[in-house]
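# Overview (structure and organization)
Below, each chain spelled out in residue letters.
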Amino acid sequence: MKFMKLGSRPDTFYTTEAVRAVSSEVSSDLIVQVQGSRYLLHKFPLLSRCLLLQRLCSETPETKHHQIVQLPDFPGGIEAFELCAKFCYGITITLSAHNIVSARCAAEYLQMTDEAEKGNLIYKIEVFFNSCILNGWRDSIVTLQSTKSLQSWSEELGITSRCIEAIASKVLANPSRVNLSNSCSRRGRDDISWCNGSESQRHDKHVTKGWWAEDIAELGIDLYWRTMIAIKSVGKPPSNLIGEALRIYASRWLPNISKDSNNANRMESDSDSAGKINSKHRLLLETITSLLPPEKGAVSCSFLLKLLKAANILNTSNPSKMELARRVGIQLEEAKVSDLLIPSLSSDMVYDVDMVLNILEQFMLQGQSPPTSPVRSKGGFERRRRSRSEEKVDSEFQESRRSSSASHSSKIKVAKLVDGFLQEIAHDRNLPMSKFIAVAEAVPEFARLDHDDLYRAIDIYLKAHPDLNKSERKNLCRILDCKKLSMEACTHAAQNERLPLRVVVQVLFFEQARATTSGGRVTDIPSNIRALLTANGDPRRPMTASFSANATGPAEDQWSISGQKSPTSRISTLRMKLAEDDELDESLADRIGSSSRAKASCLLPGRPKGMFSKLWPISRSASQRH
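Residues numbered from 1 in each chain as written. Predicted model: local features only at pLDDT ≥ 70, side-chain atom pairs only at ≥ 80, totals over all residues. Heavy atoms only, no water.

Of regular secondary structure, the protein possesses 31 helices and seven strands. Sequence separation of at least 24 residues holds for 73% of the intrachain contacts in the protein that already meet a minimum separation of 6. Approximately 31,000 Å² of the protein is accessible, and the part contributed by carbon and sulfur atoms is 49%. (Helix = DSSP H or I, 4+ residues; strand = E, 2+ residues; numbered from the N terminus. Contact = heavy atoms within 4.5 Å. Areas by Shrake-Rupley, 256 points an atom, 1.4 Å probe, with all protein chains shown as cover.)

Below is the structure:
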């Protein structure tokens, strides 16, 4: 850190009876009062360099021994005044980045200009400030930090703006041209933990282009905002470097926020001090949000969700929340389930499901995905490519198709993420079923390649809400597609007492179809289930016959009523029976009991019980883990 020494005489200031004086053979003739402190000084050395004292002494009547001068609201306090007084006496003083702001403001207050004496204190400070302070990285930051205590003076004298411009120019310069010996922060950051600490990492500023981020993170939010704006306006730094700098600043100043901080935040909300702290953090969070680069991927989705979690707890403005939700929606496929667990403060629910619904809505509004699932037939794609070629469409079509493919992949990832989120919120006893269904239906049907995770979430919800009536349970299970359940999930569903009877029958029906079309051996069906799966109620005509006739057709045609042309179709009969939900439940409630559910598992040929018991535990002890 650079410093400058002025003067050569030794320090002769001393204190006696709460009065500061100068040891001299000449008696003092001037008393200067600064913030309650008294200084016994001499007119000649001070008045020759301070135009203000000249004017005040000319306006103040002289007493017999001393002339008294009042200096109220002196910038920098007694330390700054004493530094200026010592300069007038020729006593050695040292200027550095730590005291140059107060010294410059004090010299301006006393009007120590070249008009009073050539080469006065203001001139010397300006030379040192421009030639040394602004050319040093660490000196510029320390000086900028010290302007906070003398904000109005620093703004008027241009100290703040000049420091910010110097810092911005150095950030955009070649790092090899900057002296980094003093740029490393004095504070260790290995133990930074913000929002569960997963985002905190230490970087070596000597080898990375973002070496400046941790140093400017020491600035207050106002100065930091102005510095970042200057960096953006001076040049065009990479957006990922700006994003990393914002992440570092957030980890430095925002409090630790975890899923369990909900109750602590509520308890502290009544105190005035907590209110002030929350207000400060709220302003900081909104400022960081306003500085986020617009480019996708400039910051991680995890960091955005942590900001959103903090915004929810600190109750920031709705525009800030919506902006964060929009940004999260753009890159939602990068998120993890734990990132979406945003504590709820406005309802009895554990997590803010409405916010997640907003995020999912923003994700769907991106317009990056095809309206339906991608074409699976290679021949169809070739025909479409040839057709476009005949129309002389250039490579933009191929680019748009690649974009659609990437978006389809992201929707598959988001669907998996949503199902994991449903499993977490399903434990909440205060979660309305309508919100559970809304989250499940927020992603398109084609994005769910299988429904195992969705079934698991439904099972957890049914377990946590045992008071649901028959109609509510059927409504909940309508979002489940039994065709997309694996053998393990079907085995569990066939024995699940919490599922509606209609869903169990659908599971058995599809497993019968899948086993038949795949050529597998089908175990004999219990009589009460076989009665349901036979055409026109005739138990002598098993369902297997109809599926063996259509074994070569597509799976969709075997499941859909529209695919059957025969009016006596066995599938049509079963579908009509399943459509009559109330009649089905009433007529078969006695015929299909808990024992038949256990027998129903015989429909599944060769099911791996040992392996499946680990994936879908049925015992009471295992179910408690949900």
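There's plenty left to go through after this.
Moving on: helix α14 (residues 301-314). Given a rise of 1.5 Å per residue, 14 residues ought to cover 20 Å, and the 20 Å separating the end C-alpha atoms of α14 matches this to within 8%. Among the 14 residues of α14, 14 are classified as buried, and the element is accordingly described as predominantly covered. (Expected span 1.5 Å × (residues − 1). Buried < 20%, exposed > 50% of the residue type's maximum accessible area, 1.4 Å probe, protein only.)

If you trace the five strands from one edge of the open sheet to the other, you get β2-β3-β5-β4-β6, paired in mixed fashion. The open sheet has two edge strands, β2 (13-16) and β6 (67-70), and neither has a second partner. Neighbour-to-neighbour, the strand axes of the sheet open up by a mean angle of 25°, direction not taken into account. Pairing of strand β3 (residues 19-22) with strand β5 (residues 37-41), which is carried by three bridges, proceeds in the parallel orientation. Within β5, the position partnered with Arg-20 by the bridge is Tyr-39. Running over the sheet, helix α2 (residues 51-59) touches β4 (30-34) and β6 and is turned about 125° from β6. (Pairing = 2+ DSSP bridges. Axes fitted to C-alpha atoms, helices over the stretch in contact; angles between N-to-C directions.)

Quick look at unusual backbone geometry now. One non-glycine residue, Asp-73, lies in the positive phi region at around 55°. Mapping Asp-73 onto the fold places it in the loop between β6 and α3 (77-89). A relative accessible area of 70% means that Asp-73 is categorised as exposed. Although it is not a glycine, Gln-111 adopts a positive phi angle of roughly 60°. Counting through the fold element by element, Gln-111 comes out in the loop between α4 (100-110) and α5 (121-133). Note on Gln-111: relative accessible area 30%, which makes it partly exposed.

Right, let's talk about the pattern of salt bridges for a bit. Counting across every chain of the model gives 19 salt bridges. Between Glu-82 and Arg-20 there is a salt bridge, with its nearest N and O atoms 2.5 Å apart. Here Glu-82 is found in helix α3, whereas its partner Arg-20 is found in strand β3, with 62 residues between them in sequence. For Glu-82, a relative accessible area of 13% gives the class buried. For the salt bridge of Glu-155 with Arg-226, the shortest nitrogen-to-oxygen distance reads 2.4 Å. Taken together, the residues span a long stretch of sequence, with Glu-155 in helix α7 (residues 151-157) and Arg-226 in helix α10 (residues 221-234) at a distance of 71 residues. A network of salt bridges, in which partner residues are shared, links Asp-11, Arg-20, Glu-82 and Lys-86. (Salt bridge = Lys/Arg side-chain N within 4 Å of Asp/Glu carboxyl O.)

Within the secondary structure, Thr-143 is located in helix α6 (residues 137-146). Exposure remark for Thr-143: the relative accessible area of 0% places this residue in the buried category. Reaching out from Thr-143, the side chain makes a polar contact with the backbone oxygen of Asp-139 at a distance of 2.8 Å. Leave out the neighbours within four places in its chain, and Thr-143 touches Ala-97, Ile-100, Val-101, Phe-129, Ile-133, Ile-159 and Cys-163. (Polar contact = N/O pair within 3.5 Å; in protein donor to acceptor, adjacent residues only side chain to side chain.)

Let's shift gears to the packing of aromatic side chains. Taken as a whole, this structure holds eight aromatic pairs when the rule is applied. Each ring, one from Tyr-249 and one from Trp-253, has its centre 6.2 Å from the other, and the planes form 45°; the classification is tilted. Pair noted here: Tyr-249 and Trp-253 are both in helix α11 (residues 239-253), with a separation of four residues, about one helical turn. Overall, the relative accessible area of 1% leaves Tyr-249 in the buried class. Taking the relative accessible area as the measure of exposure, Trp-253 reaches 26% and is therefore partly exposed. Between Phe-436 and Tyr-461 the ring centres are 4.9 Å apart and the planes differ by 35°, which places this aromatic pair in the tilted class. You can see Phe-436 sitting in helix α19 (residues 433-440) and its partner Tyr-461 sitting in helix α20 (residues 452-464), a full 25 residues away along the chain. The residues Phe-436 and Tyr-461 share a single accessibility class, namely buried. Linked through ring pairs, Tyr-39, Phe-74, Phe-81, Tyr-109 and Trp-153 together constitute an aromatic cluster. (Phe/Tyr/Trp six-rings, centres within 6.5 Å; stacked < 30°, edge-to-face > 60°.)

This paragraph deals with the nonpolar core. One recurring pattern in soluble globular proteins: nonpolar side chains tend to sit buried together. If you look at the biggest cluster of nonpolar residues, it comprises 150 residues, and the most contacted ones within it are Leu-71, Leu-110 and Trp-212. Broken down by element, the residue count for this core peaks at nine residues, all from α14. (Core = buried A, V, L, I, M, F, W, Y, C linked by side-chain atoms within 4.5 Å.)

What follows concerns the packing of helix α22 (residues 487-494) against helix α23 (residues 501-517). Packed helices, taken two at a time, are described by the angle their axes make and the gap between the axes. It is at 9 Å that the axes of α22 and α23 come closest, and there the two elements cross at 140°. As the angle between them shows, α22 and α23 are arranged oblique. In the packing of α22 onto α23, the handedness of the crossing is left-handed. Within the contact between the two elements, α22 uses Met-487, Cys-490, Ala-493 and Ala-494 and α23 uses Val-504, Val-507, Leu-508, Glu-511 and Arg-514. Taken together, the residues that form the contact of α22 with α23 break down as seven nonpolar, no polar and two charged. (Parallel < 35°, antiparallel > 145°, perpendicular 65-115°, else oblique. Left-handed = near helix turned anticlockwise from the far one by under 90°. Nonpolar A, V, L, I, M, F, W, Y, C, P; charged D, E, K, R; others polar.)

A separate point is the environment of Arg-478. Residue position: Arg-478 is located in the loop between α21 (470-477) and α22. The exposure class assigned to Arg-478 is exposed, which follows from its relative accessible area of 52%.

In this section: the pairing of strand β1 (residues 3-6). A one-sided burial pattern is seen for β1, the buried positions being Met-4 and Leu-6 and the unburied ones Phe-3 and Lys-5. Pairing analysis gives four bridges linking β1 to strand β7 (residues 93-96), with the strands arranged antiparallel. Paired with Met-4 across the two strands is Leu-95, which belongs to β7.

Another aspect to go through is α21. For α21, the complete set of buried residues consists of Lys-474, Leu-476 and Cys-477. Down the axis of α21, the buried side of the element spans an arc of 160°, and every buried residue falls inside it. One side-chain oxygen of the residue at the start of α21 lies 3.2 Å from the amide nitrogen of Ser-471, identifying that residue as Asn-469. (Arc of directions from axis to C-beta.)

Moving on: the environment of Thr-287. Of note, Thr-287 is situated in helix α13 (residues 272-291). Thr-287 sits in the buried class, given a relative accessible area of 12%. Contact partners of Thr-287, with chain neighbours within four places excluded, come to Ile-221 and Trp-225. For Thr-287, the side chain forms a polar contact with the main-chain oxygen of Leu-283, separated by 2.8 Å.

Contact pair α5 / α6: the axes reach a minimum separation of 9 Å and the direction vectors enclose 130°. Taken as axis vectors, α5 and α6 run oblique relative to one another. Judged by residue contacts, Phe-129, Cys-132 and Ile-133 of α5 engage Asp-139, Ser-140 and Thr-143 from α6. Of the residues that constitute the contact of α5 with α6, the class distribution is three nonpolar, two polar and one charged.

Just distances and angles here, no functional claims.
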